[in-house]
Amino acid sequence: MTTPNKTPPGFGVDQLQDDNLETYWQSDGSQPHLVNIQFRRKTTVKTCIYADYKSDESYTPSKISVRVGNNFHNLQEIRQLELVKPSGWIHVPLTDNHKKPIRTFMIQIAILANHQNGRDPHMRQIKIYTPVEESSIGKFPRCTTIDFMMYRSIR
């Protein structure tokens, strides 16, 4: 996970992945504020974002664009979300026009606007999941041990 935007010390992309809803990533500078997520191979993913208007007020994103592609040069917007005083996890559907999951090398989350015309956004968490797929031998067993749970999401 990377961001081309300037971030104050202690508020970088590491905070987006630390599983702590009290910490956040903050971006300084002009909009749009970007978070880029790249994969080594084409991947089907599910995305969730955590936002909390009560904690962040004018720093809370109100309009988000989600773009996918093979690289920076061919990103296409597949979803635009209007967030009205969000509080909690927001599922971001990554599907095409036929509701089929999209396979991609890259996701870009662009914060286009904040509540109350705020400038610098706070993003508390982003989670990227890949669905479990059936293999040629059948279904994968459910992994419930702590050792398996450590590797259930892509970082």
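Just so you know, these numbers come straight off a predicted model, no measurement behind them. (Residues numbered from 1 in each chain as written. Predicted model: local features only at pLDDT ≥ 70, side-chain atom pairs only at ≥ 80, totals over all residues. Heavy atoms only, no water.)

**Q** In this structure, what is going on with the overall build of the chain? I would like to understand it.
**A** Along the backbone of the chain there are two helices and nine strands. The N-to-C order of helical and strand elements in the chain reads β-β-β-α-β-β-β-β-β-β-α. Counting all 155 residues of the chain, 42% fall into the buried class. Split by element, the accessible area of the chain, about 9700 Å² in all, is 50% carbon and sulfur. (Helix = DSSP H or I, 4+ residues; strand = E, 2+ residues; numbered from the N terminus. Buried < 20%, exposed > 50% of the residue type's maximum accessible area, 1.4 Å probe, protein only. Areas by Shrake-Rupley, 256 points an atom, 1.4 Å probe, with all protein chains shown as cover.)

**Q** Would you mind showing me how to read the sheet that holds strand β4 (residues 61–69) here?
**A** In any sheet, the strands associate via hydrogen bonds between backbone groups, in a parallel or an antiparallel arrangement. Pairing in this open sheet of four strands is antiparallel, and the strands run β2-β7-β4-β5 from one edge to the other. Each edge of the open sheet carries a strand with a single partner, namely β2 (33–44) and β5 (76–82). Adjacent strand axes in the sheet meet at a mean angle of 20 degrees, parallel and antiparallel pairs treated alike. Where β4 and strand β7 (residues 103–114) come together, eight bridges link them in antiparallel fashion. Its bridge partner being in β7, G69 is matched across the sheet by M106. (Pairing = 2+ DSSP bridges. Axes fitted to C-alpha atoms, helices over the stretch in contact; angles between N-to-C directions.)

**Q** Help me understand the sheet that holds strand β9 (residues 125–129) in this model?
**A** Pairing is antiparallel in the open sheet, where three strands are placed in the order β6-β3-β9. With one partner strand each, in any of the chains shown, β6 (87–92) and β9 form the two edges of the open sheet. With direction set aside, neighbouring strand axes in the sheet form an average angle of 20 degrees. Both strand β3 (residues 46–52) and β6 contribute to a ladder of six bridges, which runs antiparallel. Within β6, the residue paired with T47 across the bridge is V92.

**Q** How should I be thinking about the nonpolar core in this particular structure?
**A** General note: in soluble globular proteins, nonpolar side chains tend to be found buried as a group. The biggest cluster of nonpolar side chains holds 24 residues, and the ones touching the most others in it are I37, I107, I109, M123 and I126. For this core, the secondary structure elements donating two or more residues are β2, β3, β4, β6, β7 and β9. (Core = buried A, V, L, I, M, F, W, Y, C linked by side-chain atoms within 4.5 Å.)

**Q** Would you take a moment to explain the side chain of T95 for this structure?
**A** Structurally, T95 can be placed in the loop between β6 and β7. A polar contact is formed between the side chain of T95 and the side chain of R79, at a distance of 3.2 Å. (Polar contact = N/O pair within 3.5 Å; in protein donor to acceptor, adjacent residues only side chain to side chain.)

What is shown is where atoms sit, not what they do.
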